[in-house]
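# Notes for the structure review
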Number of protein chains: 2
Amino acid sequence: MTPARIVLTSLAFATLLTAGATRMRGTDVGYPAGYREWTHVKSELLGPEHPAFPRFGGLHHIYANDPAMRGYRSGRFPDGSVVVFDLLAVNHEEGRTFATSRRHLDVMEKDSARFPSTGGWGFAEFPGDSTGDRLSPEAKRSCAACHQRMADDLVISEYRDR
Amino acid sequence: MTPARIVLTSLAFATLLTAGATRMRGTDVGYPAGYREWTHVKSELLGPEHPAFPRFGGLHHIYANDPAMRGYRSGRFPDGSVVVFDLLAVNHEEGRTFATSRRHLDVMEKDSARFPSTGGWGFAEFPGDSTGDRLSPEAKRSCAACHQRMADDLVISEYRDR
């Protein structure tokens, strides 16, 4: 290969690696391989006093791929945007609160053509360290309904930019 | 420019953007511009019961540039590695613990030639949202001494890889 072709091939490969969740058919959202190298959006801790603790308690980190980062900056998320909500159980020890095991990984992927009935976004939840989505179609609609109530383009979080 | 040259120029520009802290002379460590797009290593919360609370209490996030990520994976950090400890004050509200303002940004940069007397690493601390290092030479030696007691190559944290 010529040097230019090597560079272009490397770029294409890098794009594949960071393009987001595996492309899926129908209403499926794939496991977001490599999301730990995406941009860290923000984090928060939900304790036992929070009403959502049974479902979402623990330390969560939100990660976004490059298209989703354009969405955080512009307010409009392009197709291909993937946002990951990584929820970890925590332990407390002498004033330290630190993550232990993963509770689940929630993923939302923007694809206006594939998810027209849920605001253009598809939803998935991967329990523990598994890569299999456990959400029923009804549960996915419920994700979308709640996100739709809370945010214009269904993304609730805001990028922590300082 | 030819397409190949445009690609190469873009690559060079991207490398500049992600190369790490601004190159400095002597014992100075520059502000790590763009670190929020680096890889998120891990996070932890230190509460009032922790002995280090006055100095390091709050929610911290650790970020690493690409050379430092090679260090996390191999155990040997190459020159050019930069690790950022981003310390945020927190508020508590109905079970939520969330970040408010930045307390300070601590930075360590590996450069064996410039920092031979402190294990090959230089240290800096930027209070609040400022970009001016407030550490005295004595304080920098104290950073290095404590890090040296706690870790082989002075990096205390471990990458959260799942």
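Notes on the structure follow. Keep in mind it's a predicted model, so treat the numbers as computed, not measured.

Cut-offs applied
Residues numbered from 1 in each chain as written. Chains lettered and ligands numbered in written order. Predicted model: local features only at pLDDT ≥ 70, side-chain atom pairs only at ≥ 80, totals over all residues. Heavy atoms only, no water. Helix = DSSP H or I, 4+ residues; strand = E, 2+ residues; numbered from the N terminus. Expected span 1.5 Å × (residues − 1). Buried < 20%, exposed > 50% of the residue type's maximum accessible area, 1.4 Å probe, protein only. Arc of directions from axis to C-beta. Contact = heavy atoms within 4.5 Å. Buried area = accessible area lost by both parts, 1.4 Å probe. Salt bridge = Lys/Arg side-chain N within 4 Å of Asp/Glu carboxyl O. Least-squares fit on C-alpha atoms with pLDDT ≥ 70 in both. Polar contact = N/O pair within 3.5 Å; in protein donor to acceptor, adjacent residues only side chain to side chain.

### Some details on helix α4 (residues 137-150) of chain A
All names here are of chain A. Here α4 spans 20 Å end to end across 14 residues, near enough to the 20 Å set by a 1.5 Å rise per residue. For α4, the complete set of buried residues consists of K140, C143, A144 and H147. The buried side chains of α4 occupy one side of the element, clustering within an arc of 95 degrees when seen end-on. Exposed positions of α4 whose direction lies more than 90 degrees from the buried face are E138, R141 and R149. Looking at the buried positions of α4, the neighbouring elements they touch are β4 (96-110) and β5 (121-127).

### Notes on the interface of chain A and chain B
Between chain A and chain B, the contact holds 36 residues from the first and 36 residues from the second. Carbon and sulfur atoms supply 47% of the area that chain A and chain B bury against each other, a total of about 2900 Å² over both sides. In this assembly, chain A and chain B are joined by six salt bridges. Of the charged contacts, one joins B:R96 and A:E44 as a salt bridge, the two residues approaching to 2.5 Å between their closest N and O atoms. Residue assignment for the side of chain A that touches chain B shows that the elements contributing at least two residues are α1 (3-18), β1 (39-46), β2 (58-64), β3 (82-93) and β4 of chain A. Among the elements that take part in the side of chain A that touches chain B, β1(A) stands out by supplying seven residues, more than any other.

### Concerning the relation of the copies chain A and chain B
For the pair chain A and chain B, the superposition axis carries a translation of 0.0 Å, the fit reaches an RMSD of 0.0 Å, and the rotation angle comes to 180 degrees. This pairing of chains is accounted for by a two-fold axis.

### Observations regarding the side chain of A:R114
All names here are of chain A. Relative to the elements of secondary structure, R114 occurs in the loop between β4 and β5. Taking the relative accessible area as the measure of exposure, R114 reaches 19% and is therefore buried. From its side chain, R114 meets the backbone oxygen of D28 in a polar contact 2.4 Å long.

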